[in-house]
Structure formats: structure tokens, C-alpha cells
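Architecture and fold: a report
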Amino acid sequence: RSGKMAKSTQLIDNEVFRAYATYTAIVLLKMMLMSLVTAYFRITRKAFVNPEDTASFGKGDSAKKYLRTDPDVERVRRGHLNDLENIVPFVGVGLLYALSGPDLSTALLHFRIFAGARILHTFAYLIPLPQPSRGLSWAVGYTVTISMAYKVLKTVLLL
Amino acid sequence: RSGKMAKSTQLIDNEVFRAYATYTAIVLLKMMLMSLVTAYFRITRKAFVNPEDTASFGKGDSAKKYLRTDPDVERVRRGHLNDLENIVPFVGVGLLYALSGPDLSTALLHFRIFAGARILHTFAYLIPLPQPSRGLSWAVGYTVTISMAYKVLKTVLLL
Amino acid sequence: RSGKMAKSTQLIDNEVFRAYATYTAIVLLKMMLMSLVTAYFRITRKAFVNPEDTASFGKGDSAKKYLRTDPDVERVRRGHLNDLENIVPFVGVGLLYALSGPDLSTALLHFRIFAGARILHTFAYLIPLPQPSRGLSWAVGYTVTISMAYKVLKTVLLL
């Protein structure tokens with residue numbers, strides 16, 4: 001048992017893998033934060049989508065008026081979906097990249113730029129900042145993931 | 001070759017990793033089930049979104065009337081998206097957590113509570129149960145993932 | 001340090017894992033491509049969702065008319081969401097499957113069919129091809145993931 005435990009701990013002792021684990025936890029926590037921001041705007045804007053969520057506002061028409069869309073809520077939701085579309089590939093490709101034996105400094109460069117770009121993207125989306133802030137921060141994160149995927153395919157290709 | 005195979009099999013022999021694999025397979029299968037529930041409601045409610053999906057109902061206006069949204073279909077789809085938003089972080093963070101060397105009993109506690117909460121969340125969303133059923137089951141799953149992320153960052157932090 | 005590096009490299013030297021890494025990179029890149037297709041249709045159809053994205057078209061009503069939905073844009077977005085719903089389970093279950101010690105030929109069969117089915121699904125959605133092209137390609141990918149999940153649960157089950 002302790003032998004097995006040691007085995008699985010060795011992966012987490014690898015510095016590149018530790019860096020991957022750190023930045024993956026950070027970007028996934030950032031993505032999860034979008035749920036709280038959505039809930040905050042739904043409650044403060046009183047804009048809900050499920051009838052059972054407005055029951056505490058009374059019955060009938062008095063509650064029904066809170067079943068509506070709100071521009072701020074929809075904006076956060078678009079940011080959340082954009083996170084899913086971009087952070088999922090980072091987590092999947094990043095794991096393979098971390099296992100493909102990159103230099104620690106190169107790996108850290110990829111992970112730091114991706115995390116920074118996605119945090120900027122969220123601010124650009126939610127404030128919102130004028131374009132091309134959001135577009136550029138999206139493109140930077142996208143390019144990092146493409147770069148990691150290229151390294152993975154170059155290292156492991158087995159079709 | 002057999003040596004390599006044995007190496008990769010050792011990870012799956014680790015009990016914490018086996019528990020992670022079991023619960024990850026379960027919650028991903030539960031999420032996939034949402035596709036079938038959506039298809040079921042689309043067909044029984046005759047509510048489609050793509051014109052090519054209604055071609056078997058005839059041409060022109062007779063088919064066009066089935067291109068519509070249905071409250072039950074939209075409800076399932078919201079449940080599916082909520083699964084993506086919450087199960088993706090669990091799968092990603094949970095993998096790192098499983099590799100960070102937690103006690104088997106602590107790990108099982110996390111995995112079991114998360115899976116139970118997400119199954120409850122689905123019933124609360126689809127029946128639907130009165131609030132705060134859905135809100136609480138969401139919060140429980142969310143908290144489990146935060147707890148695992150905290151353990152991961154405490155163990156591996158390399159920024 | 002080099003000992004650790006060697007350890008983590010051994011996983012990527014395993015042939016089944018290399019095949020998993022190859023096909024996971026391919027399907028994630030395919031999914032990422034949907035973002036570019038969405039951007040292409042948003043720009044060519046002039047159909048945007050965020051006011052800040054239309055600022056370059058001028059101010060007031062002249063820009064506001066580009067805040068609209070377009071059937072082609074919405075179609076790509078549905079294809080993208082369908083990718084998330086199906087490729088996320090493949091990446092998660094596929095990793096566990098690759099670690100569960102399948103034969104290389106069986107694993108390659110699963111990965112190749114899944115990747116082929118999802119590429120067909122994208123063409124069927126975007127062209128669009130008449131049904132049941134899209135439905136069948138979806139079902140084939142879905143079945144592959146179920147088959148891998150069954151193997152994972154049979155190998156590792158620890159509840």
C-alpha cells in the first residue's frame with residue numbers, strides 16, 4: 001500500500017506536473033467563480049429562469065415578473081461558457097503537455113500566460129473593457145493551448 | 001513493453017485513484033444521460049431546433065411548427081449545462097487531488113458526497129423539487145470541489 | 001530531478017497512452033476550431049451579441065442593428081456546445097480507460113471511431129447533411145464513450 005502511494009505521489013513530485021496542477025486548479029477555480037457571479041446578478045437584478053426560484057417572491061403574477069432575462073446575467077453566462085470552451089482544452093491538452101517532458105521554464109511560461117490571459121478575459125468581459133481587450137486576451141489563451149497541442153502531437157503521435 | 005504496461009497499470013492499482021476513476025466514470029455517465037433525456041423530450045414534445053430534424057414531419061409549414069422551444073426541453077438543457085459547469089471542475093481538480101496523496105477514507109468522502117449531490121441536483125432540477133433543494137445540492141457539490149482544490153494547492157503550489 | 005522526469009515520461013512512452021494523447025489532442029483541437037468558425041460567421045454575417053463588439057461600426061442605431069442572432073452563427077454554437085457535451089466525457093473517461101490496461105488495438109479502435117464520428121458530426125451539423133447523418137454520428141461517438149466507461153468500471157470499481 002505505501003509502495004503504491006509513493007508511486008502515485010511521484011507524479012505530483014515532478015515539478016512540471018506541480019506547475020500544471022497549480023495553474024489548472026487556479027483556472028478551474030476562476031471558472032467556478034462565474035457561477036457565484038451569475039447567482040449574485042440573478043439575485044440583485046431579480047432575473048430568474050426557473051419558476052421554482054421565484055416562489056419566495058409570492059405566487060402568480062407578482063413572482064412571474066422575475067422570470068426574465070437581464071443583460072448583466074446574460075453577459076456573465078456568456079463569459080462562463082467561453083471559459084468552458086477554452087479552459088476545457090487547456091486542462092486536457094495541458095495534462096498531456098505536462099507529461100510530454102517539456103522544460104520547467106517553458107511549461108511555466110505557457111501556464112502563466114494562459115492563466116493571466118483568461119483572468120484578463122474575464123475582466124474584459126464583465127466590466128466590459130472596449131475591444132480588442134476581450135478578443136486579444138481570448139486569442140492569447142487560445143494560442144498557448146495550440147502551442148501545447150503542437151508539442152504533444154510532435155512528441156507522442158500514434159494514429 | 002510489458003514493463004511499461006505494468007508502470008501505467010500501477011496508477012490504476014492505487015486505491016485512491018481507483019475511487020477517483022469510479023466516481024468520475026459515474027458522474028460523466030450521469031452527465032451523458034442528459035443528452036438522452038433531451039432527445040426524449042424533443043421527440044415526445046415535438047420541439048426541435050434544426051430544420052433538418054423536422055424533415056420527417058413533412059415539408060413547409062407542417063414541419064416548421066415543430067421548430068420551437070419547449071419548457072421541459074429547456075429545463076433539461078439547463079441541467080445539462082449546469083453539469084458541464086460543475087462536473088468539469090470536479091474531474092480536473094479531482095484528478096490532481098487523487099494524485100496529491102489524500103487518505104482513502106477522506107477521498108472517498110469527497111467523491112461520494114459530490115456524486116450524491118449531483119444526482120440529487122438532477123432530480124431537483126428535472127422533477128422539479130421546490131427550492132432550496134436544487135440550490136443546496138449545487139452548493140454541496142461546489143464545496144466539495146473547492147475543498148479538493150484547496151488540498152491540491154496546499155500540496156503542490158508552484159507558481 | 002532527472003529520475004523524476006524519467007518517471008513522468010514513462011507514462012507518455014506507453015503506447016496506449018500515446019494513442020490516447022494523440023486522439024485527445026485531435027478532438028480538442030477540432031472543438032477549438034468551432035470558436036474560429038463562430039468568429040468567421042459573426043464577422044461575415046455581422047451578427048454580434050456584445051455592444052462593445054459593434055463599436056467599430058459606428059455609434060447608436062447604425063451599430064445597434066448588428067446586435068442580432070444569425071441562423072448560421074447559432075448553428076455553429078450548437079455544434080460547439082454538442083462538442084463540449086460529448087468530448088468532455090471522452091477526454092475524462094478515455095484517460096481512465098487508457099490507464100486501465102486495454103489492448104493497444106482495442107484502444108486504437110475506440111479512439112479512431114470516436115474521432116471519426118465527431119469529425120463527421122461537425123460536417124453533418126455545419127453543411128448541414130440530412131438526418132440521420134448527425135444523429136448517427138452523435139450516437140456512434142456516444143457509444144464509444146459508454147464502451148470505455150464500462151471497461152473502466154469493470155476494471156477499477158471502488159465505491
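Residues numbered from 1 in each chain as written. Chains lettered and ligands numbered in written order. Predicted model: local features only at pLDDT ≥ 70, side-chain atom pairs only at ≥ 80, totals over all residues. Heavy atoms only, no water.

1. Some words on the UniProt feature "transmembrane region" (unreviewed entry) in chain A
Counted only if it meets this: UniProt positions are given in the numbering used here, feature names are shortened, and annotations may be inferred rather than shown by experiment. Each helix is a run of DSSP H or I of at least 4 residues and each strand a run of E of at least 2, with the numbering of both proceeding from the N terminus.
Following the UniProt record, one finds the feature "transmembrane region" (unreviewed entry) at residues 20-41 of chain A. Span residues 20-41 of chain A is 100% helix and 0% strand, its end C-alpha atoms 32 Å apart.

2. Section: the interface of chain B and chain C
Applied cut-off: Contact definition: two residues touch when any of their heavy atoms are within 4.5 Å. Here the quantity called buried area is the accessible surface, traced with a 1.4 Å probe, that two parts lose on coming together, added over both. Throughout this description, the term salt bridge denotes a Lys or Arg side-chain nitrogen within 4 Å of a carboxyl oxygen of Asp or Glu. What qualifies as a polar contact is a pair of N or O atoms within 3.5 Å, subject to a donor-acceptor requirement within protein and to the restriction that residues adjacent in sequence count only when both atoms come from side chains. In this classification, the charged set is Asp, Glu, Lys and Arg, the nonpolar set is Ala, Val, Leu, Ile, Met, Phe, Trp, Tyr, Cys and Pro, and all remaining amino acids, among them Gly, are polar.
In this assembly, 39 residues from chain B lie in contact with 38 residues from chain C. Here chain B packs against chain C, burying approximately 3,200 Å² in sum over the two surfaces, 69% of which is carbon and sulfur. Scanning the region where chain B abuts chain C turns up 3 salt bridges. A salt bridge links R134(C) to E52(B); the nearest nitrogen and oxygen atoms lie 3.4 Å apart. Here chain B and chain C share 11 residue pairs in polar contact (both at pLDDT 80 or more) between them. Broken down by secondary-structure element, the contributors of at least two residues to the side of chain B that touches chain C are α1 (2-13), α2 (15-44), α4 (71-99) and α5 (104-126) of chain B. It is α2(B) that provides the largest number of residues to the side of chain B that touches chain C, a total of 18 residues. Here the side of chain B that touches chain C is built from residues that sort into 23 nonpolar, 7 polar and 9 charged.

3. As for the relation of the copies chain C and chain A
Applicable threshold: When the copies are superposed, the least-squares fit takes in the C-alpha atoms of residues with a pLDDT of at least 70 in both.
Taken as rigid bodies, chain C and chain A are interconverted by a rotation of 120 degrees and an axial shift of 0.0 Å, the fit giving an RMSD of 0.0 Å. One copy is carried onto the other by what is essentially a three-fold rotation axis. Interface residue correspondence from chain C to chain A reaches only 15%, placing this contact among heterologous pairings that use different surfaces.

4. Some thoughts on unusual backbone geometry
Residues and elements named next belong to chain A. Cis geometry is adopted by the peptide bond preceding P128, which originates at I127 and carries an omega value of -15 degrees. Residue position: P128 is located in the loop between α5 (104-126) and α6 (133-156). At K46, a residue that is not glycine, the phi angle is positive and equals roughly 50 degrees. Among the secondary structure elements, K46 is positioned in the loop between α2 (15-44) and α3 (61-64).

5. Some thoughts on the packing of α2(B) against helix α6 (residues 133-156) of chain C
Rule in force here: Lines fitted to the C-alpha atoms define the axes, with helices restricted to the stretch that makes contact. Angles between their N-to-C directions range from 0 to 180 degrees. Any angle that falls under 35 degrees is termed roughly parallel, while one over 145 is termed roughly antiparallel, one within 65 to 115 roughly perpendicular, and all others oblique. Crossings are assigned a handedness: left-handed for a near helix turned anticlockwise from the far helix by less than a right angle, right-handed for a clockwise turn.
Between α2(B) and α6(C), the shortest axis-to-axis distance is 10 Å and the interhelical angle comes to 155 degrees. If you check the angle between α2(B) and α6(C), you find them roughly antiparallel. Once α2(B) is placed against α6(C), the crossing between them reads as left-handed. Counting all contacts with α2(B), which are made through R18(B), A21(B), T22(B), A25(B), L29(B), M32(B), L33(B), S35(B) and L36(B), the residues of α6(C) involved are W138(C), Y142(C), T145(C), I146(C), A149(C), V152(C), L153(C) and V156(C). For the contact of α2(B) with α6(C), the class distribution of residues is 13 nonpolar, 3 polar and 1 charged.

6. Things to note about the confidence of the model for chain A
Residue and element names in this part refer to chain A. Formally: Values of pLDDT, which run from 0 to 100, indicate the predictor's confidence residue by residue.
Residues with a pLDDT of 70 or more make up 94% of chain A, whose mean pLDDT is 92. Between the elements of chain A, mean pLDDT differs from a low of 55, seen in helix α1 (residues 2-13), to a high of 98, seen in α5. Note that pLDDT drops below 50 for residues 1-9; the model gives that stretch 12 contacts with residues more than four away or on any other chain. The ipTM for the predicted assembly is 0.92, set against a pTM of 0.93.

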